[in-house]
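Listed below are the residues making up each chain.
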Amino acid sequence: MKKEKLSLKNIKASRVEKLRFLRENHIDPYPGITKRDFLISEALKNFEFLSKENRIIALVGRVRSIRKHGKVQFIDIEDSSGKMQVLLSQLEVGTENFKLLDKALDEGDIIEAAGTLFLTNTNQKTIKAKNIYFLSKSLLPLPSKWHGLKNKETRYRKRYLDLILNPDVKKVFLKRSAIIKKLREILDREGFLEVETPILQNLAGGALARPFKTFLNALNIELFLRIAPELYLKRLLVGGYEKVYEIGRNFRNEGIDAEHNPEFTMIEFYWAYQDDKKLRKFTEDLICEIIISLNGSLQTDFGVKKIDWSPPWPMKGFIEIIQEKTSLDYKKMTRDELLVKAKKIGVEVEPYLSKGKIADEIFKKKCRPEIFNPTFIINHPVEVSPLAKKLPEDPTLTARFQVIVAGMELVNAFSELNDPLDQEERFFDQAQNLKKGDKEAHSFDKDFIEALKYGMPPAAGFGMGIDRLTMLLTNQPSIRDVILFPFMRPKS
């Protein structure tokens, strides 16, 4: 083990020496000007035409391998679009230049190869280099040659190496980008306006979550990183916009696990003059269109199973599924009875939680994990839905729905509460819960109440986690696998 570390140290020292050697020979190892005629994929696609034309072209890429055969070397380079073999020969580049490159070139260097395209005797598409220029001299060897990059934590911490060494990881993030692009395309087509709302907020609102606190020195005030953009987007409905959406980062000071990262990406949109029922159909259509465009089929792999996204998705009541899975009758039980029963079935809850919150914990632990294919869960208690309209037929419940897939909450949506007096009362109840110790309770937002008093149209609102959707559509077991730079505990 000691010997391996010593060799690695020697290799690093050798590369620094090669850097010095290049500069002594008046070669800039980090030039600012680069010539590139084609992406590698473009050169391969037009190979027949370019090779017949015998035209000198310039390709760029990172050196992935070097195979030396005396006065000839075969070098594989890679750019973002593909790989190409480079033939470096003393005959083509000259004796002095060949010796210089032979001495200074390493795997990991980024180079420009200028030459003509041809087929080798083994039908390998290759560029015969007339010259090779350094674009970036690599001072550290790629880890694959030494110990690979299989350790998950190292891959998350050094995502740049993960992307170089693991092609499948690149594909995940290309697909993530395609998901967001398609989402924008659909909403723009449907007449929604993309907007931006504050991330630094005086009050953290729009969801039940524990916020991050920060401080603004200029005004000597405490601020919060947003937990959701909801209350600002609804202010825009008051202002006269009827269809608005935002894709952006939210921050929640909660646990870290396979489904949660302290910062994550969400899409939220608000649609005036619509309700939760119409929104359910739109949600189904929206997600299915994204899946078809990316996957070509409504069956996607997740773990060892296949998710069937085919509509219509089944719909189950929040209260009914709790009774189905646990035999607990929410309607007939008091808060204290539900608290006792929760503990008996192995669901640990804080004693200060409301009846609705206790039920939500039971749902998360005992019901949600058993739902695999997309399912609408509807009609949640008011205590866990402080921003949703009450059901006219049962004011203890709300016109809200979640989409649960593979045991995860993917979508949260509802008919928006636009009664300012009802909202004011619910904010007051949430403030009391906060005093009792519920760190996730909603803050009392006086300015939002004032906005509602000017009149907000009836509307439906939708929130979906981009990270979780990407997990489901790329068959990744952890949210860290779909966030380029997930939060990691500092090594120190």
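A quick note: this is a predicted structure, and the numbers were derived from the prediction, not measured.

Rules of the game
- Residues numbered from 1 in each chain as written.
- Predicted model: local features only at pLDDT ≥ 70, side-chain atom pairs only at ≥ 80, totals over all residues.
- Heavy atoms only, no water.
- Helix = DSSP H or I, 4+ residues; strand = E, 2+ residues; numbered from the N terminus.
- Buried < 20%, exposed > 50% of the residue type's maximum accessible area, 1.4 Å probe, protein only.
- Contact = heavy atoms within 4.5 Å.
- Areas by Shrake-Rupley, 256 points an atom, 1.4 Å probe, with all protein chains shown as cover.
- Lys, Arg positive; Asp, Glu negative; His and termini not counted.
- Charge placed at Lys NZ, Arg CZ, Asp CG, Glu CD.
- Pairing = 2+ DSSP bridges.
- Axes fitted to C-alpha atoms, helices over the stretch in contact; angles between N-to-C directions.
- Parallel < 35°, antiparallel > 145°, perpendicular 65-115°, else oblique.
- Left-handed = near helix turned anticlockwise from the far one by under 90°.
- Nonpolar A, V, L, I, M, F, W, Y, C, P; charged D, E, K, R; others polar.
- Phe/Tyr/Trp six-rings, centres within 6.5 Å; stacked < 30°, edge-to-face > 60°.
- Lys NZ or Arg CZ within 6 Å of the ring centre and 35° of its normal.
- Core = buried A, V, L, I, M, F, W, Y, C linked by side-chain atoms within 4.5 Å.
- Salt bridge = Lys/Arg side-chain N within 4 Å of Asp/Glu carboxyl O.
- Expected span 1.5 Å × (residues − 1).
- Polar contact = N/O pair within 3.5 Å; in protein donor to acceptor, adjacent residues only side chain to side chain.

Helix and strand content of the protein: 16 helices and 20 strands. With the principal axes as the frame, the protein shows a C-alpha extent of 90 × 50 × 50 Å. Within the protein, the proportion of its 492 residues that are buried is 50%. A fraction of 65% describes how many contacts in the protein between residues 6 or more apart in sequence connect residues 24 or more apart. Carbon and sulfur atoms make up 53% of the accessible area of the protein, which amounts to about 24,700 Å² in all. Here the protein holds 82 positive side-chain charges and 69 negative ones, and the gap between their average locations is 7 Å.

Here we come to the sheet that holds strand β9 (residues 221-225). Each strand in a sheet pairs with its neighbour through backbone hydrogen bonds, running either in the same direction (parallel) or in the opposite one (antiparallel). Spatial ordering of the open sheet is given by β7-β9-β8, a layout of three strands whose pairing is antiparallel. Where the open sheet ends on each side, the last strands, each with one partner, are β7 (200-201) and β8 (213-216). In terms of strand pairing, β7 meets β9 through two bridges, oriented antiparallel. Its bridge partner being in β9, Leu-200 is matched across the sheet by Leu-225.

Right, let's get into the sheet that holds strand β10 (residues 243-251). Overall, mixed pairing links the eight strands, which are arranged β6-β10-β11-β20-β19-β18-β15-β14 in an open sheet. At either end of the open sheet lies a strand with only one pairing partner, and these are β6 (193-194) and β14 (315-317). The pairing of β6 with β10 spans two bridges and is parallel. For Glu-194, the partnering residue across the bridge sits in β10 and is Tyr-245. Across the sheet, helix α10 (residues 276-295) is in contact with β11 (263-272), β14, β15 (375-378), β18 (400-405), β19 (408-415) and β20 (459-465); its angle to β20 comes to roughly 35 degrees.

As a further point, take the environment of Ile-307. Note that Ile-307 resides in strand β13 (residues 305-308). Residue classification places Ile-307 among the buried positions, given a relative accessible area of 0%. Taking the C-alpha atoms as reference points, Ile-307 and Glu-348, separated by 41 residues in sequence, lie 30 Å from one another. Residue contacts for Ile-307: discarding those within four places in its chain leaves Leu-298, Gln-299, Thr-300, Phe-302, Phe-372, Asn-373, Pro-374, Val-405 and Leu-472.

Turning to the packing of helix α9 (residues 230-238) against helix α15 (residues 446-453), a few remarks are in order. One way to put it is that α9 packs onto α15 with a least axis distance of 9 Å and a crossing angle of 25 degrees. What the angle tells us is that α9 and α15 run roughly parallel. Every pair of crossing elements has a handedness; the one defined by α9 and α15 is left-handed. Within the contact between the two elements, α9 uses Leu-231, Lys-234, Arg-235 and Val-238 and α15 uses Asp-447, Phe-448 and Ala-451. Each residue belonging to the contact of α9 with α15 can be placed in one class, and the counts come to four nonpolar, no polar and three charged.

In the structure shown here, the tally under the stated rule is twelve aromatic pairs. An aromatic cluster is built from Phe-192, Phe-269, Trp-271, Phe-282 and Phe-462, whose rings are joined through pairwise contacts. Stacked on the ring of Tyr-330, the Lys or Arg Lys-355 has its end atom at 4.4 Å from the ring centre.

For the rest of this paragraph, the subject is the nonpolar core. Counting 48 residues, the largest nonpolar core has Phe-269 and Trp-309 as its most contacted members. If you tally residues by element for this core, the top one is helix α8 (residues 167-189), at eight residues. With sequence-adjacent residues up to four places away left out, Phe-269 is seen in contact with Leu-187, Phe-192, Val-244, Tyr-245, Leu-279, Phe-282, Leu-286, Ala-460, Gly-461 and Phe-462. Counting residues in each nonpolar core, the second largest holds 29 residues, with Phe-38, Ile-57, Ala-129 and Phe-134 among its members.

Attention now moves to helix α16 (residues 466-474). Counting buried residues along α16, nine of its nine residues qualify, which places the element largely inside the surrounding structure. Following α16 by one or two positions, Asn-475 has its phi on the positive side, about 60 degrees.

The next subject is the pattern of salt bridges. A full pass over the atoms with the stated rule returns 45 salt bridges. Arg-64 is paired through a salt bridge with Glu-78; the nearest N and O atoms lie 2.7 Å apart. With a gap of 14 residues between them, Arg-64 in strand β1 (residues 57-69) and Glu-78 in strand β2 (residues 72-78) connect regions that are remote in the sequence. In this structure, Arg-335 engages Asp-336 in a salt bridge whose closest nitrogen and oxygen atoms are separated by 2.8 Å. A single network of salt bridges, built from pairs that share partners, joins Arg-15, Lys-18, Asp-106, Asp-109 and Lys-137.

Attention now moves to the pairing of β11. Counting buried positions over the ten residues of β11 gives nine, a clear majority of the element. As defined by bridge partners, β10 adjoins β11 across nine bridges and the pair is classed as antiparallel. Opposite Val-244, over in β11, you have Tyr-270 as the bridge partner. As paired strands, β11 and β20 are joined by seven bridges and run antiparallel to one another.

This part is about the environment of Ala-459. On the secondary structure map, Ala-459 appears in strand β20. Under the relative-accessibility criterion, Ala-459 is labelled buried at 2%.

Below, the discussion takes up the side chain of Arg-15. For Arg-15, the location among the structural elements is in helix α1 (residues 2-24). Relative accessible area serves as the criterion here: at 7%, Arg-15 is assigned to the buried category. If sequence neighbours within four positions are ignored, Arg-15 has contacts with Asp-106, Glu-107, Asp-109, Lys-137, Ser-138, Leu-139, Leu-140 and Pro-141.

Next up on the list: α10. One turn of an α-helix holds 3.6 residues; hence residues three or four places apart share an orientation. Taking 1.5 Å per residue, 20 residues should reach 28 Å; α10 reaches 28 Å between its end C-alpha atoms and fits that length. The complete set of buried residues in α10 reads Asp-276, Leu-279, Arg-280, Phe-282, Thr-283, Glu-284, Leu-286, Ile-287, Cys-288, Ile-290 and Ile-291. The residue sitting at the N-terminus of α10 and contributing the capping side-chain oxygen is Asp-275; that oxygen lies 3.2 Å from the backbone nitrogen of Lys-277. A positive backbone phi angle near 80 degrees is found at Gly-296, which sits one or two residues after α10.

Moving on, we get to the pairing of strand β17 (residues 394-398). As defined by bridge partners, strand β16 (residues 390-391) adjoins β17 across two bridges and the pair is classed as antiparallel. Looking at β17, one finds that Lys-390 is bridged to Thr-398. Following β16, the chain reverses through two residues before pairing antiparallel with β17.

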